[in-house]
Number of protein chains: 2
Amino acid sequence: MMEIILASASPRRLELMNMLGFEDLTVLPAVGEENVDLNQPPHEIVRQLAMNKAVEVSLRCGGQPLIVAADTIVWYNNKVYGKPEDEEDAFRMLRSLSGNTHSVFTGVAVFRGGEMDLRSEESRVTFRELSDEEIRGYIATGEPMDKAGAYGVQGKGAVFVEHLDGDFFNVMGLPLCTLAQMLKQQGVEVF
Amino acid sequence: MMEIILASASPRRLELMNMLGFEDLTVLPAVGEENVDLNQPPHEIVRQLAMNKAVEVSLRCGGQPLIVAADTIVWYNNKVYGKPEDEEDAFRMLRSLSGNTHSVFTGVAVFRGGEMDLRSEESRVTFRELSDEEIRGYIATGEPMDKAGAYGVQGKGAVFVEHLDGDFFNVMGLPLCTLAQMLKQQGVEVF
């Protein structure tokens, strides 16, 4: 089988790749600054971030590995919600997402031998109304701190999500249906 | 903390309860026949199945535990898709779900001290077009055989799901947002 490099430090992305049966992959996160103009449509932002990661990691690799890179942002009120800076920042994010519908955008790059396949996907997530007490309780679990938008959909944050419209795994960080088709075009099949 | 009994043999439901932080629960699956009139609306079918499980298990328990029971069906073309009988049955199910949108209904019962809280939820799942070869490859993984509708959304079956509309965890077997609110009414909180 072809060597696959996952250009991401996210344990959730690794877990998802493993779930699809890709267990022999090499994890090689990009280390560069996330330089991107945030005054662009969100699809563009995540595609550029994913592309930058793929290119950076490819420059550090020999041979012709297949590189998978991705970036995920939460988008609400025409603003990017990244990882919270501190607990108060997490509180503000969750407070504003409460009772509303936001979008999650993931950009994915599959890069091999100079060819870049770049896609992005949007999922819409509706939170139920949250009380301040609930938000504080959730922050106390520590779960929000390393996650875009200050919640994990595959953790206790699941109980906030009243409705999802799109690819669930896109919210976790990799749109699996789309990714499987990108990999298939490179001759890499899930089954 | 109150004793919680999970009246389900599903490893996925146990995993989801653990994910919410309920790790001390007792698993006590119902063993009775799933007797229910299938000529009813799907919401009714899953509610009755969940209720039957909760009642059966409560009769075997002493004390006043809190019992969580659930049942999930796949519903397409006005028919219930249960677990496949054999590989050919799995093939037929997946063939007919390919390229179409079906519904997944889960009924949940929270039962305690003679009081039954009974709810149900629908999620709509859209499969991309599948080739016969892909379906055979998926069946060869063994994943479809113990699952309603012959697929697991939290496994390799994820790559078939182009779109989800509703609660993702409802498709896995427990609508977590709803369940958390049912538990909260019994004084059991996720955080």
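Above this text is the structure in question.
Residues numbered from 1 in each chain as written. Chains lettered and ligands numbered in written order. Predicted model: local features only at pLDDT ≥ 70, side-chain atom pairs only at ≥ 80, totals over all residues. Heavy atoms only, no water.

**Examining the overall build of chain A**
Logical step 1: A tally of helices and strands in chain A yields six helices and seven strands.
Logical step 2: Here the C-alpha atoms of chain A give a radius of gyration of 17 Å, agreeing with the 16 Å that 2.2 N^0.38 yields for 191 residues.
Logical step 3: Structurally, chain A occupies a C-alpha span of about 50 × 35 × 25 Å along its principal axes.
Logical step 4: The buried share among the 191 residues of chain A stands at 56%.
Logical step 5: Here chain A has roughly 8,200 Å² of accessible surface; of this, 45% comes from carbon and sulfur atoms.
Logical step 6: Both charge centroids of chain A, one from 17 positive and one from 29 negative side chains, sit 1 Å from each other. (Helix = DSSP H or I, 4+ residues; strand = E, 2+ residues; numbered from the N terminus. Rg over C-alpha atoms; globule rule 2.2 N^0.38 Å. Buried < 20%, exposed > 50% of the residue type's maximum accessible area, 1.4 Å probe, protein only. Areas by Shrake-Rupley, 256 points an atom, 1.4 Å probe, with all protein chains shown as cover. Lys, Arg positive; Asp, Glu negative; His and termini not counted. Charge placed at Lys NZ, Arg CZ, Asp CG, Glu CD.)

**Regarding the packing of aromatic side chains**
Two aromatic rings, taken as a pair, are described by how far apart their centres are and by the angle between their planes.
Logical step 1: One pass over the structure, following the stated rule, counts 17 aromatic pairs over all chains.
Logical step 2: Seen in terms of ring centroids, A:Tyr138 and A:Phe160 are 4.9 Å apart; in terms of plane orientation they differ by 80 degrees. Their pairing is edge-to-face. One end of the pair, A:Tyr138, is in helix 4 (residues 132-140); the other, A:Phe160, is in the loop between helix 4 and strand 7 (161-166), and 22 residues separate them in sequence. As far as the burial class goes, A:Tyr138 and A:Phe160 line up, both buried.
Logical step 3: Ring centres 4.8 Å apart and planes at 75 degrees place the aromatic pair B:Phe127 and B:Tyr151 in the edge-to-face group. (Phe/Tyr/Trp six-rings, centres within 6.5 Å; stacked < 30°, edge-to-face > 60°.)

**Examining the packing of helix 3 (residues 87-97) of chain B against helix 4 (residues 132-140) of chain B**
Residues and elements named next belong to chain B.
Logical step 1: Between helix 3 and helix 4, whose axes approach to 10 Å, the crossing angle comes to 135 degrees. Put simply, helix 3 runs oblique to helix 4. Note on packing geometry: the crossing formed by helix 3 with helix 4 is right-handed. Contact residues: helix 3 offers Glu-87, Glu-88, Ala-90, Phe-91, Leu-94 and Arg-95, while helix 4 offers Asp-132, Ile-135, Arg-136, Tyr-138 and Ile-139.
Logical step 2: Grouping the amino acids of the contact of helix 3 with helix 4 by side-chain chemistry returns six nonpolar, no polar and five charged. (Axes fitted to C-alpha atoms, helices over the stretch in contact; angles between N-to-C directions. Parallel < 35°, antiparallel > 145°, perpendicular 65-115°, else oblique. Left-handed = near helix turned anticlockwise from the far one by under 90°. Contact = heavy atoms within 4.5 Å. Nonpolar A, V, L, I, M, F, W, Y, C, P; charged D, E, K, R; others polar.)

**Structural notes on helix 4 of chain B**
For an α-helix, the turn length of 3.6 residues means that residues three or four places apart are oriented alike.
Logical step 1: Within helix 4 of chain B, burial applies to B:Glu134, B:Ile135, B:Tyr138 and B:Ile139. Along the axis of helix 4 of chain B, the buried positions cluster into a sector of 135 degrees, meaning they face one direction only. Turned more than 90 degrees from where helix 4 of chain B packs its buried face, B:Glu133 and B:Ala140 sit exposed.
Logical step 2: On its buried face, helix 4 of chain B sits against helix 6 (176-185) of chain A together with helix 3 of chain B.
Logical step 3: One or two steps after helix 4 of chain B, the chain reaches B:Gly142, where phi turns positive at roughly 85 degrees. (Arc of directions from axis to C-beta.)

**Quick notes on helix 4 of chain A**
Logical step 1: Three or more residues of helix 4 of chain A are buried, namely A:Glu134, A:Ile135, A:Gly137, A:Tyr138 and A:Ile139.
Logical step 2: In this structure, the buried side of helix 4 of chain A is in contact with helix 3 (87-97) of chain A together with helix 6 (176-185) of chain B.

**Some thoughts on the nonpolar core**
Logical step 1: Residues A:Tyr151 and B:Tyr151 are the most contacted members of the largest nonpolar core, which totals 96 residues.
Logical step 2: Among all residues touching B:Tyr151, those that are not within four sequence positions of it are B:Val74, B:Leu94, B:Leu97, B:His102, B:Val104, B:Val125, B:Phe127, B:Tyr138, B:Pro144 and B:Val171. (Core = buried A, V, L, I, M, F, W, Y, C linked by side-chain atoms within 4.5 Å.)

**Focus: the side chain of A:Gln186**
Residues and elements named next belong to chain A.
Logical step 1: Within the fold, Gln-186 resides in the segment after helix 6.
Logical step 2: In terms of polar contacts, Gln-186 uses its side chain to reach the side chain of Arg-112, at 3.3 Å.
Logical step 3: Ignoring any residue separated from it by four or fewer positions in sequence, one finds Gln-186 in contact with Met-2, Leu-66, Val-110 and Arg-112. (Polar contact = N/O pair within 3.5 Å; in protein donor to acceptor, adjacent residues only side chain to side chain.)

**Structural notes on the interface of chain B and chain A**
Logical step 1: Taken residue by residue, the interface counts 31 residues in chain B and 31 residues in chain A.
Logical step 2: Of the roughly 2,500 Å² buried between chain B and chain A, counting both surfaces, carbon and sulfur atoms make up 70%.
Logical step 3: At the boundary of chain B with chain A, the tally comes to two salt bridges.
Logical step 4: A:Glu134 serves as the salt-bridge partner of B:Lys184, at 3.9 Å between the closest nitrogen and oxygen.
Logical step 5: Put simply, the parts of the chain that give the side of chain B that touches chain A at least two residues each are helix 4, strand 7 (161-166), helix 5 (168-172) and helix 6 of chain B.
Logical step 6: Per-element tally for the side of chain B that touches chain A: the top contributor is strand 7 of chain B, with six residues.
Logical step 7: When the residues that make up the side of chain B that touches chain A are grouped by side-chain class, the tally is 16 nonpolar, eight polar and seven charged.
Logical step 8: Pairing geometry for strand 7 of chain A and strand 7 of chain B, over three bridges, is antiparallel. (Buried area = accessible area lost by both parts, 1.4 Å probe. Salt bridge = Lys/Arg side-chain N within 4 Å of Asp/Glu carboxyl O. Pairing = 2+ DSSP bridges.)

**Details of the pattern of salt bridges**
All names here are of chain A.
Logical step 1: By the definition in use, this model includes 20 salt bridges over all chains.
Logical step 2: Ionic pairing is found between Glu-56 and Arg-60, a salt bridge with its closest N-O pair at 2.7 Å. Of the two residues, Glu-56 and Arg-60 are both situated in helix 2 (residues 42-60); the distance of four residues between them amounts to about one turn of the helix.
Logical step 3: One salt-bridge network, held together by shared partners, links Arg-12, Asp-146 and Lys-147.

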